[in-house]
Amino acid sequence: MNTLSNTMPESPGVTAPGYNVPTRPFYWSVWRELWENRSIYIAPLIVAVVVLFGFLVSTSGLPERRRAVLLLDPTKTRAAIEAPYNVGAMMLIFTAFIVGVFYCLDALHGERRDRSILFWKSLPVSDLTTLLSKATIPLVALPLVTFVIVVATHLVMLLWTTVLLITHGMSPASTWTYFPLFWSSFILLYGLAAIALWHAPIYGWALLVSGWARRATFLWAVVPFLAIGFFEKITFGTSHFASMLKNRLMGFAPEAFAFNGHSISGPQLTPMRYLGTPGLWLGLLFAAVFIAAAVRLRRYRGPL
């Protein structure tokens, strides 16, 4: 019996179950983070619902306001029509940033606190893979989730405005002309990518604090920067450090976009200028250093 089974030729291209199956640890590690952290998509969804509710309430009397807006010059008309869409997008982008920071602050601290780090370390997944999967959430997953939710929110707003104008005997062409959904979505995707790269050192620092602090990760992440800023202001009477922090939070906009107040086509994209900004690459270098330090911390830090 054994001789017969040993001499039987194997079918070409057929392998026994469970052998030579790619495990893809990074792929499943990212999915694990999405499964365990539902706030990544629930928080933006809640904000989107609030934005839509506020927009529906604000559309009372929209046809009369639209007639008055169309009498203005094209630049002011465009600004007035796209204002609610821009406000909704900014609220969702800000929500994504807050969710990303708090996710990173809890990414390593949470598994040390509930002692699940002992289980995850027993799996054949390296610390580098684990940290990269966690860094992928604020740098890739959250921007993509935000993009989908913002576009869906804008589409609902556009459709509601269209129906409302048509029922009042007005053409909805002004809305679609001054706020083209496809081009606006492309600008949004570009902007989300620029913001994620610019904020990379913030997320890297939060991951490092998450792997080091024993408690109060938010305070450990924020207080040192506040102390340095106050010390510089009191001692030297300057605020260079505070200006640097402000630039790290909002400095992506003048580098990634060219704003022309006299143009009705909206901001112009300047990706080459953005990619040539020293602050971008310096920030990415710091982010890499922070993530590398967090990898070493996870390797040697045990549960709390």
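Reference entry: report on the structure contained in this document. Per chain, residues are indexed from 1 in the order of the written sequence. Given that this is a predicted model, residues contribute local features only at a pLDDT of at least 70 and side-chain atom pairs are listed and counted only at 80 or more, while totals for whole chains, interfaces and linings are drawn from all residues. Think of the side-chain values as coming from all heavy atoms in the structure, minus any hydrogens and water.

1. A few points about the packing of aromatic side chains
Then step 1. Ring geometry is summarised as follows: Phe, Tyr and Trp rings, the Trp one being its six-membered ring, pair when their centres sit within 6.5 Å, and such pairs are stacked at plane angles under 30 degrees, edge-to-face over 60 and tilted between the two. The tally for this structure, following the rule as stated, stands at 17 aromatic pairs.
Then step 2. Note on phenylalanine 55 and tyrosine 85: the rings are 6.1 Å apart at their centroids and 50 degrees apart in plane angle, and the pair reads as tilted. Placement of the pair is phenylalanine 55 in helix α3 (residues 39-58) and tyrosine 85 in helix α5 (residues 74-113), with a sequence separation of 30 residues. Exposure class is identical for phenylalanine 55 and tyrosine 85. Each is buried.
Then step 3. A centroid spacing of 5.6 Å and a plane angle of 5 degrees characterise the contact between phenylalanine 102 and phenylalanine 218, whose relative ring orientation is stacked. Remark: phenylalanine 218 occurs in helix α11 (residues 217-236) and phenylalanine 102 occurs in helix α5; sequence separation between them is 116 residues.
Then step 4. Residue phenylalanine 102 is classed as partly exposed on the basis of its relative accessible area of 45%.
Then step 5. Taken together, the ring pairs in this structure connect Trp205, Phe225, Phe241, Phe286 and Phe290 into an aromatic cluster. Secondary structure elements follow DSSP: runs of H or I no shorter than four residues count as helices, runs of E no shorter than two count as strands, and numbering proceeds from the N terminus. Between buried and exposed lies partly exposed: a residue is buried under 20% and exposed over 50% of the maximum accessible area for its type, with that area taken using a 1.4 Å probe on protein chains only.

2. Comments concerning the packing of helix α4 (residues 62-69) against helix α7 (residues 127-167)
Then step 1. Where α4 contacts α7, the two axes come as close as 9 Å, and the packing angle between them is 90 degrees. By the angle between their directions, the pair α4 and α7 is classed as roughly perpendicular. Taken together, the residues of α7 that come into contact with α4 (itself represented by Leu62, Pro63 and Arg66) are Thr161, Leu164 and Leu165.
Then step 2. Each residue is assigned to one of three groups, with Ala, Val, Leu, Ile, Met, Phe, Trp, Tyr, Cys and Pro labelled nonpolar, Asp, Glu, Lys and Arg labelled charged, and all others, Gly among them, labelled polar. Grouping the constituent residues of the contact of α4 with α7 by class yields four nonpolar, one polar and one charged. Angular values range over 0 to 180 degrees, each being the angle between N-to-C directions of two axes fitted as lines to C-alpha atoms, with helices fitted over their stretch in contact. For this classification, under 35 degrees means roughly parallel, over 145 means roughly antiparallel, 65 to 115 means roughly perpendicular, and everything else is oblique. In what follows, a contact means two residues having at least one pair of non-hydrogen atoms within 4.5 Å.

3. Some details on the side chain of threonine 153
Then step 1. Mapped onto the fold, threonine 153 is located in helix α7.
Then step 2. You can call threonine 153 buried: its relative accessible area is 5%.
Then step 3. In the analysis that follows, any N or O atom pair within 3.5 Å is treated as a polar contact, provided that within protein one partner can donate a hydrogen and the other can accept it, and provided that, for residues neighboring in sequence, both atoms belong to side chains. Within the structure, the side chain of threonine 153 is placed 2.7 Å from the backbone oxygen of isoleucine 149, a separation counted as a polar contact.
Then step 4. Not counting the four nearest positions on each side in its chain, threonine 153 is found in contact with Ala48, Val51, Leu52 and Leu92.

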